[in-house]
Amino acid sequence: MTKTYRPVIPSQLAADLNRAFASAEPHTVCRAIGQSLKDFNVSEISKKTGLQRTSIYRGFGDEQLPNFSTVLAVLTAMGLELKVAPRVGAETKRFREASVGY
């Protein structure tokens, strides 16, 4: 029996994962990626990333955290990219001190 996957809407997928990333909590982020993987053929993700399926399942379950290269590889295989942006309203002390001299 062949499993059917829901169509993935990239903008919705990105919005869901961005909410998880906003938590800044690694387990929350990995759980969200794991939930999103249910809409993908993990065998295909495995081929694209060069990772074993078991590693993908284990890394995005509740047991352990994957390494950063695994996160990047899986997000890329899902058709996403990771970007960095300043957190709104989150000036760091170092930044404030450096800008005082201007």
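Higher on the page you've got the structure.
Residues numbered from 1 in each chain as written. Predicted model: local features only at pLDDT ≥ 70, side-chain atom pairs only at ≥ 80, totals over all residues. Heavy atoms only, no water.

(A) Representation of the packing of helix α1 (residues 10-22) against helix α2 (residues 26-37). One can describe the packing of α1 onto α2 by two numbers: an axis separation of 8 Å at closest approach and a directional angle of 160°. Judged by the angle between their axes, α1 and α2 are roughly antiparallel. α2 is crossed by α1, and the crossing has right-handed handedness. Touching Leu-13, Leu-17, Ala-20 and Phe-21 of α1 are Thr-28, Val-29, Ala-32, Ile-33 and Ser-36, all from α2. (Axes fitted to C-alpha atoms, helices over the stretch in contact; angles between N-to-C directions. Helix = DSSP H or I, 4+ residues; strand = E, 2+ residues; numbered from the N terminus. Parallel < 35°, antiparallel > 145°, perpendicular 65-115°, else oblique. Left-handed = near helix turned anticlockwise from the far one by under 90°. Contact = heavy atoms within 4.5 Å.)

(B) Looking closely at the packing of helix α3 (residues 42-49) against helix α5 (residues 68-77). Here α3 crosses α5 at 120°, and the two axes come no closer than 9 Å. Crossing hand, α3 versus α5: right-handed. Where α3 approaches α5, its residues Ile-45, Lys-48 and Thr-49 are matched on the opposing element by Ala-73, Val-74 and Ala-77. A class-by-class count of the residues in the contact of α3 with α5 yields 4 nonpolar, 1 polar and 1 charged. (Nonpolar A, V, L, I, M, F, W, Y, C, P; charged D, E, K, R; others polar.)

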